[in-house]
Amino acid sequence: MTTSTPAPAPAAPATDASALTGKRRIAFASFVDENYLPGFLVLLRSLALSNPHLCEDFLVLHDGLRPASVAAIRDLHPRVTFRRVDADHYDSYVKGDQENYLVRKAYFILDVFRVRDYDTVITLDTDMVVLGPVDELLTLRHGLAAVPQFFYGDKTRMLNSGLLVIQKEYLSDAFCAKIDAIGRSGTYELDKHDQGILNALLDGDFVDLDPRYNYVKRRLSGDLPVPDDVAVLHFTGRHKPWQGGEAGYGLAQERWAEFELTDAEFHAAYLEAGDTLHPDLLVHYGTPHVERTGDADAARKVALAHIGAGDFQAAVDILEQVHLPIDEAWPHEVYGNALMSVSRYEEAKAHLHLASAAPNRAATAFSRLAQIAWVHGDDTQARAYATAGLTVDPTHRASRIWHQRTTGIPAQPAGRPEDQLAHVAFYMDRQGNAGDKLLPESVRLGFDRDTTSRRWHSVHAHRLFDRNALERVNARRGLVIGGGGLFIPDTMPNGNSAWQWNVPDEMLKAIEVPIAVYAVGFNAFDGQSYRAHRFRESLRLLVEKSAFFGLRNHGSIEKVRAMLPAHLHDKVRFQPCPTTVTRRLVDGWQDPARRDDTILVNAAYDRAGLRFGHDYGSFLAQMAKAVEGLRELADVQCVAHSLDDEKIAFDLRREHGVSLPVIPMYDFDNDGIRDLYARTKLVIGMRGHAGMIPFGCGTPIISLISHPKMAYFLRDIDRPEWGVSVHDRNLAALLVERSRDLLADHDRTVADVHGRQQELWKVTEANSADLRTVLGG
């Protein structure tokens, strides 16, 4: 086989996912030593119990902790990092007070300003206890925020540094230099230590926080009760709760004591802390609780957390530890889900049948049974299970999907096997994602103008590739694998490959015809990982077996090569997604003589937590401003690739009074998708194929980057400026500015798109020459 001309290197080296997406990195931080360790352990418990849905990184600054203390902290937080402060650095500040613990502690928290790997840091004093929600602190985007404090009748505006919300512009060498200069000068009030330095530096220029986020104990003198709205109670002064407290603050002391718990008490309390528990905390606290108690419902909760993270084997493992009573349906349904996700189908069916006996779990259990039957090629049984699910709950979406998938399948004329290529892809359902609907046909166009069953034998990636499927593929002249980001762990999971194609190793090894992997993407989100060794093994075998292995962007190439032995790296090559060269592939393509005066906006909501983090409110507000500005340039419309994509129109209208017409692209056929994108002037899209499809049709694009693959594509075409992070604080202004630039000379912009596309077409043509050698035709 010949080797294709190597593609040009990306414009810049690949970096980590958060750098590509711009996703804000947030951490809590405290200075801890042995004297204040009891307070810090209570702080961690209170944060978890008062905000059970939150689990951010936690930086522990220290100047020496015992191993047992480190272990106790790790037991209470799964994402803790220890950083030793440079005590000598502050000698010139302390001026003879080195032995004064309060002085040392006050200065050492200033080390938080030397943190460089987070965008937002929230400091918490170890003599604080968290009593209420602190979500608002995580949504702050600008400045340095603190609660204003007034000392001894002095009305000068000053901050109390016990709790600070620090943005990245303050986490800088320049700001640290200013701190050092003031610290060494001594031009601040010594008795206020770090507060004095920061107040001297900021001179009142900070963002006000509501006092409930740093409610000082002194306000409760006389044994006053803690107000209900207090979120963070600060036990200022020398008498700390773990040292017995101080007279006159008994009710405050009781609130602190609520969180002085044993591990067993704390784990049990967390599991009952609310309906929304953070999966990382649920696993961290729930696992020892299940081991200690054998609690089946707790095991169910932990298993669901593992399933949500794509760690299906861990979900199986936790449920295997406990006895599941026959009449408790929910744990059986979750266990059945976990078992089918690792391809232990017969065991899964047994547990799902038990779950189907309970009315509140029956519809979900029947839909999973329908899925197992469909995976094994039994449409009749799948339809029967789906019907049973709809009988229990006529609104059940999953049951309806499986019923539709197995009903009214049109017969297609079959070609001769020797004239056909087999094609493994994700074939999208009716009203499914428009991009995924278009992809299989686009892949086929890269090989043959005839995309029908006369020339192609369809193999749905999600169906089990068994002996019968193997025989049908081996009767064809080759096998093409492609049609989306198939390398993702949690879309239709299976234990045979741990990616979307449900193929056991022995079946993959038995394929006798040439294999071409074509424009597949590595689709893990920022914050999502492939945890299974199984995926790496399947990937390696696939690369070894393939005569052609092409991935659709250089970011995917780098990710996949990192999982392979060095001798296989050169087999992994660049093959652009065929949607990006649509104008070259569609027979008889004609660029539009005129375009609609429209800007199409697309947003995506699958895995919204991974896309937006804590910034969805900010994103929505910025998009409302952007729409108003974009309307001065053209008519702005929402284009929905899937039903969920319509959410942006609902949220903009409800939260900001901004209305957008919605185009239901999920209802379009492939020609309709291409036609709409070819006729508009600009597409601002968050989905990967809300960028790649219009680009392939010759239409200018701006990507709303919430996934690394968007940045990968823009880097490959050497136009990173065509992307804006959904987390950007100036998102609205950037979108309007860049849209105005692209539309100012639209013909020039379209010509630039065509030029970028030509470079991708050159790669595609070179690869096509190799593919003709491999597959013939």
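Throughout, residues of each chain are indexed from 1 in the direction in which the sequence is written. Whole-chain, interface and lining totals are the exception, using all residues; otherwise, since this is a predicted model, local features are given only for residues with pLDDT of at least 70 and side-chain atom pairs are given and counted only at 80 or more. Excluding hydrogens and water, the side-chain figures rest on all heavy atoms present in the structure.

Draft legend 1. Fine view of the overall build of the chain. Within the chain, the regular secondary structure consists of 32 helices and 22 strands. This radius of gyration counts C-alpha atoms alone. The globule rule is 2.2 Å times how many residues there are, raised to the power 0.38. Relative to the globule expectation of 28 Å for 777 residues, the C-alpha radius of gyration of the chain, 29 Å, shows essentially globular dimensions. Structurally, the chain occupies a C-alpha span of about 90 × 70 × 55 Å along its principal axes. Buried residues in the chain amount to 59% of all 777 residues. The contact rule is simple, with two residues in contact once any of their heavy atoms fall within 4.5 Å. Long-range pairs, those at least 24 residues apart, make up 72% of the contacts in the chain between residues at least 6 apart in sequence. Residues counted as positive are Lys and Arg, residues counted as negative are Asp and Glu, and His and the chain ends are not counted. Here the site of a charge means atom NZ of a Lys, CZ of an Arg, CG of an Asp or CD of a Glu. For the chain, the distance from the average position of its 87 positive side-chain charges to the average position of its 104 negative side-chain charges is 5 Å. Comment: elements are numbered from the N terminus, with helices defined as DSSP H or I runs of at least four residues and strands as E runs of at least two. Exposure is judged per residue with a 1.4 Å probe applied to protein chains only, and the accessible area is read against the type maximum: over 50% gives exposed, under 20% gives buried, and values in between give partly exposed.

Draft legend 2. Layout of the nonpolar core. Counting 112 residues, the largest nonpolar core has Phe487 and Trp501 as its most contacted members. The residues contacting tryptophan 501, other than those within four sequence positions of it, are Val424, Ala461, Phe465, Leu479, Ile481, Asn494, Leu508 and Ile511. As used here, the term nonpolar core means buried Ala, Val, Leu, Ile, Met, Phe, Trp, Tyr and Cys residues forming a set that is joined through side-chain atoms within 4.5 Å.

Draft legend 3. Looking closely at the pairing of strand E15 (residues 548-551). Burial along E15 is two-sided: Phe548 and Gly550 facing one way and Phe549 and Leu551 facing the other are all buried. Should DSSP find at least two bridges between two strands, the strands are taken to pair. Where strand E14 (residues 515-520) meets E15, 3 bridges bridge the pair, whose relative direction is parallel. Paired with alanine 516 across the bridge in E15 is phenylalanine 548. Relative to strand E16 (residues 572-574), E15 runs parallel, the two being bridged by 3 bridges. The partner of leucine 551 across the bridge, within E16, is phenylalanine 574. Call a crossover right-handed when, viewed with both strands pointing away from you, the route from the first strand across the helix to the second goes clockwise. The parallel pair E15 and E16 is bridged by helix H23 (residues 554-561), and the resulting crossover is right-handed.

Draft legend 4. Quick peek at the packing of aromatic side chains. Between 30 and 60 degrees the pair is tilted, below 30 it is stacked and above 60 it is edge-to-face, where a pair is any two Phe, Tyr or Trp rings, Trp via its six-membered ring, whose centres lie within 6.5 Å. Using the criterion set out here, one finds 23 aromatic pairs in the structure. With 5.1 Å between their ring centres and 35° between their planes, phenylalanine 612 and phenylalanine 619 make a pair best called tilted. Look at phenylalanine 612 and you get buried, because its relative accessible area is 3%. The class of phenylalanine 619 is buried, set by a relative accessible area of 1%. Ring-pair connections join several aromatic residues into one group, and the members of that group are Phe465, Phe487, Trp499, Trp501, Phe535 and Phe549. Across from the ring centre of tryptophan 330, 3.7 Å away, lies the NZ or CZ of arginine 300, which sits over that ring. Each ring is checked for a lysine NZ or an arginine CZ that lies within 6 Å of its centre and within 35 degrees of its normal; such an atom marks a charge sitting over the ring. One residue, arginine 719, lies across the ring of tryptophan 722, its end atom 6.0 Å from the ring centre.

Draft legend 5. Region of the structure containing the pattern of salt bridges. Any Lys or Arg side-chain nitrogen located within 4 Å of an Asp or Glu carboxyl oxygen qualifies as a salt bridge. According to the stated counting rule, one finds 52 salt bridges in the structure shown. In this structure, arginine 573 engages aspartate 770 in a salt bridge whose closest nitrogen and oxygen atoms are separated by 2.9 Å. Of the two residues, arginine 573 sits in strand E16 while aspartate 770 sits in helix H32 (residues 746-775), which places them 197 residues apart along the sequence. When sorted by exposure, arginine 573 lands in the same class as aspartate 770, which is buried. Taking the shortest distance from any N to any O, the salt bridge between aspartate 752 and arginine 719 comes out at 2.9 Å. Taken together, the residues aspartate 752 in helix H32 and arginine 719 in the loop between helix H30 (708-716) and strand E22 (723-725) connect sequence positions 33 residues apart. By sharing partners, the salt bridges in this structure join Asp606, Arg607, Arg611, Asp645 and Arg687 into a single network.

Draft legend 6. The arrangement of helix H26 (residues 616-630) in detail. Expected span of a helix: the number of residues minus one, times 1.5 Å. For H26, with 15 residues, the first-to-last C-alpha span of 20 Å sits near the 21 Å given by 1.5 Å per residue. If you check which residues of H26 are buried, you get Tyr616, Phe619, Leu620, Gln622, Met623, Ala624, Ala626, Val627, Gly629 and Leu630.

Draft legend 7. Layout of the sheet that holds strand E10 (residues 232-234). Reading across the sheet, the 3 strands line up as E5-E10-E9 and stay open at both edges, with mixed pairing between neighbours. Unpaired on one side and paired on the other, strand E5 (128-130) and strand E9 (215-216) mark the two borders of the sheet. Bridge count for E9 against E10 is 2 bridges, and the pairing is parallel. Looking at E10, one finds that tyrosine 215 is bridged to leucine 233.

Draft legend 8. Spatial organisation of the packing of helix H17 (residues 379-392) against helix H18 (residues 397-405). Direction vectors running N to C along H17 and H18 enclose 145°, while the axes themselves pass 8 Å from each other. The crossing of H17 and H18 is left-handed. Of the residues in H18, those touching H17 at Arg383, Ala386, Thr387, Gly389 and Leu390 are Ser399, Arg400, Trp402 and His403. In this analysis an axis means a line fitted to C-alpha atoms, helices contributing only their contacting stretch, and an angle means the value between N-to-C directions, from 0 to 180 degrees. If you view the pair so one helix is near and one far, a crossing is left-handed when the near helix is turned anticlockwise from the far one by less than a right angle, and right-handed when it is turned clockwise.

Note that every value here comes from positions in space, so none of it alone points to a role or purpose.
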